[in-house]
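Each chain, letter by letter, is given below.
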Amino acid sequence: MKFRDVIGQDEAKRRLVQMVAEGRVPHAMLLCGPQGCGKMALAVAMASYLLCGNRTDDDSCGTCPGCLMTSGLTHPDLHFSYPVIRPTGTGSEHKMSSEDFAAEWRAMLSQSPYFTIDRWLSEMNAANQQAIIGVGESDLLTRKLSLKSSQGGYKVCVIWLPERMNAECANKMLKLMEEPPQDTVFIMVSEEPDKLLETIRSRAQRINIKRLDSAVTAEALEQRRGIDHDSAQRIARAAGGSWLAALESLDTDNEKHQFFDMFVSLMRLAYMRKIKDLRAWSDTAAALGREKQRRMLQYFMRLIRENFMYNFHNPQLCYMTREEENFARNFSPYINEANVIEMSELMNRAMRDIGQNANAKIVFFDMAANIIVSLIRK
């Protein structure tokens, strides 16, 4: 991965390159930003730049031994740390570490540096397990980074989602960052930096990565995916600055299409006041799993907002796919000043209750029943 392979983020690229040029590379960096903006791609590109033996003024060469090993994820001075689950067949005495799923990680990262925690959980076959970075990982990094650089340059450790470190691991990582081994650079990639220990945040140089500009996303869709200009513009606007969201829009079987169908079904059944069918809808929603339920409710809240804004007939205010807009033409009048806040609060409350492990069937049926009342306020 080279800087020129990263979609957009020119400002962040210039800042990272300038650090190296001026000889002031911090021992720890914290790349923060929303999902899909390219934080991990920037981290890998920066690692490649630091480990390149023949770097140019603005990028790694891509052909030296260091670049070849980095691109193959086999460079001995490049280390990755990431959340993992407990491997099947291991007991409580086993200290989980990135080595347990190194093959799965390399396979996923070699495909693309743009991915989500859900994709990673799927690669590990996590089922309902939560992925964390435990004390086994901090012990592993302490051993690895204590060794001298095999190539005589930097040692780079990319930590993906450091906010998932448990307390014991975080305290050991803090000590490692307070007294880092010589020429060691930590690049942390975080989506929720506020969940990190304040002492860790204070020892890292924070770089905020912005959402992708719609024009940049559209251009990348045209050049990398061969999408026509009009469709690329529409997808880019609906993606909201996320390259991952833009790619999902190209997949006819993706999760958002499922959520859209669930939203349409919910609103139509509520409008027709089909209580028995809404009960069946609630059972279907309850079977999705809690993390997916929360994402679905977030999607529902976005569509409520978009349908409300559609009533103003200003394309600049709406961020919908063609499929969503086709539905909004007839449905949007039912989302208005009288009920838009109420419906958003219903879904927000449902998401809170799901997060607190409430009975999902009851939560969704209660929400659906209240939506019937809200739609009457047309």
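Everything that follows concerns the structure shown earlier in this document.
Now for a quick tour of the structure. Predicted model only: the values in this text are computed from it and were never measured.

Criteria and cut-off values
Residues numbered from 1 in each chain as written. Predicted model: local features only at pLDDT ≥ 70, side-chain atom pairs only at ≥ 80, totals over all residues. Heavy atoms only, no water. Buried < 20%, exposed > 50% of the residue type's maximum accessible area, 1.4 Å probe, protein only. Helix = DSSP H or I, 4+ residues; strand = E, 2+ residues; numbered from the N terminus. Contact = heavy atoms within 4.5 Å. Phe/Tyr/Trp six-rings, centres within 6.5 Å; stacked < 30°, edge-to-face > 60°. Lys NZ or Arg CZ within 6 Å of the ring centre and 35° of its normal. Salt bridge = Lys/Arg side-chain N within 4 Å of Asp/Glu carboxyl O.

**With respect to helix α6 (residues 135-145)**
Turning to step 1, where the next piece is worked out: Among the 11 residues that make up α6, eight are buried, leaving the element largely enclosed by the rest of the structure.
Turning to step 2, where the next piece is worked out: Along α6, the residues that are buried comprise Val135, Gly136, Glu137, Ser138, Asp139, Leu140, Leu141 and Leu145.
Turning to step 3, where the next piece is worked out: In the core, the buried residues of α6 are packed alongside β2 (78-81), β3 (155-160), α7 (167-178) and β4 (184-190).

**Focus on the packing of aromatic side chains**
Both the distance between ring centres and the angle between the ring planes are used here to describe each pair of aromatic rings.
Turning to step 1, where the next piece is worked out: One pass over the structure, following the stated rule, counts 19 aromatic pairs.
Turning to step 2, where the next piece is worked out: Taking the centre distance of 5.4 Å and the plane angle of 85° together, the rings of tryptophan 105 and tryptophan 120 count as edge-to-face. On the criterion of sequence distance, the pair formed by tryptophan 105 in helix α4 (residues 102-111) and tryptophan 120 in helix α5 (residues 117-123) is long-range, its members being 15 residues apart.
Turning to step 3, where the next piece is worked out: Classification of tryptophan 105 by relative accessible area gives buried; the value is 2%.
Turning to step 4, where the next piece is worked out: Cluster of aromatic residues (ring-pair linked, three or more members): Phe260, Phe263, Tyr271, Trp281, Phe300, Phe327, Phe331, Tyr334 and Phe364.
Turning to step 5, where the next piece is worked out: Of note, arginine 55 hangs over the ring of tyrosine 49, and the distance from its end group to the ring centre comes to 5.4 Å.
Turning to step 6, where the next piece is worked out: Against the face of phenylalanine 365 rests arginine 279, its NZ or CZ located 5.9 Å from the ring centre.

**Considerations on the pattern of salt bridges**
Turning to step 1, where the next piece is worked out: Following the criterion strictly, the structure yields 17 salt bridges and no others.
Turning to step 2, where the next piece is worked out: The residue aspartate 139 makes a salt bridge to lysine 172 at a minimum N-O spacing of 2.9 Å. A residue pair is termed long-range when its members are at least 10 positions apart, and aspartate 139 in helix α6 and lysine 172 in helix α7 qualify at 33 residues.
Turning to step 3, where the next piece is worked out: Classification of aspartate 139 by relative accessible area gives buried; the value is 18%.
Turning to step 4, where the next piece is worked out: For lysine 172, a relative accessible area of 37% translates into the label partly exposed.
Turning to step 5, where the next piece is worked out: The residue glutamate 324 makes a salt bridge to arginine 302 at a minimum N-O spacing of 2.8 Å. Taken together, the positions of glutamate 324 in helix α15 (residues 322-331) and arginine 302 in helix α14 (residues 290-310) put the pair 22 residues apart, joining distant regions of the chain.
Turning to step 6, where the next piece is worked out: Residue classification places glutamate 324 among the buried positions, given a relative accessible area of 6%.
Turning to step 7, where the next piece is worked out: Its relative accessible area of 23% is what places arginine 302 among the partly exposed residues.
Turning to step 8, where the next piece is worked out: If you follow the salt bridges from partner to partner, you end up with Lys95, Asp139 and Lys172 in one network.

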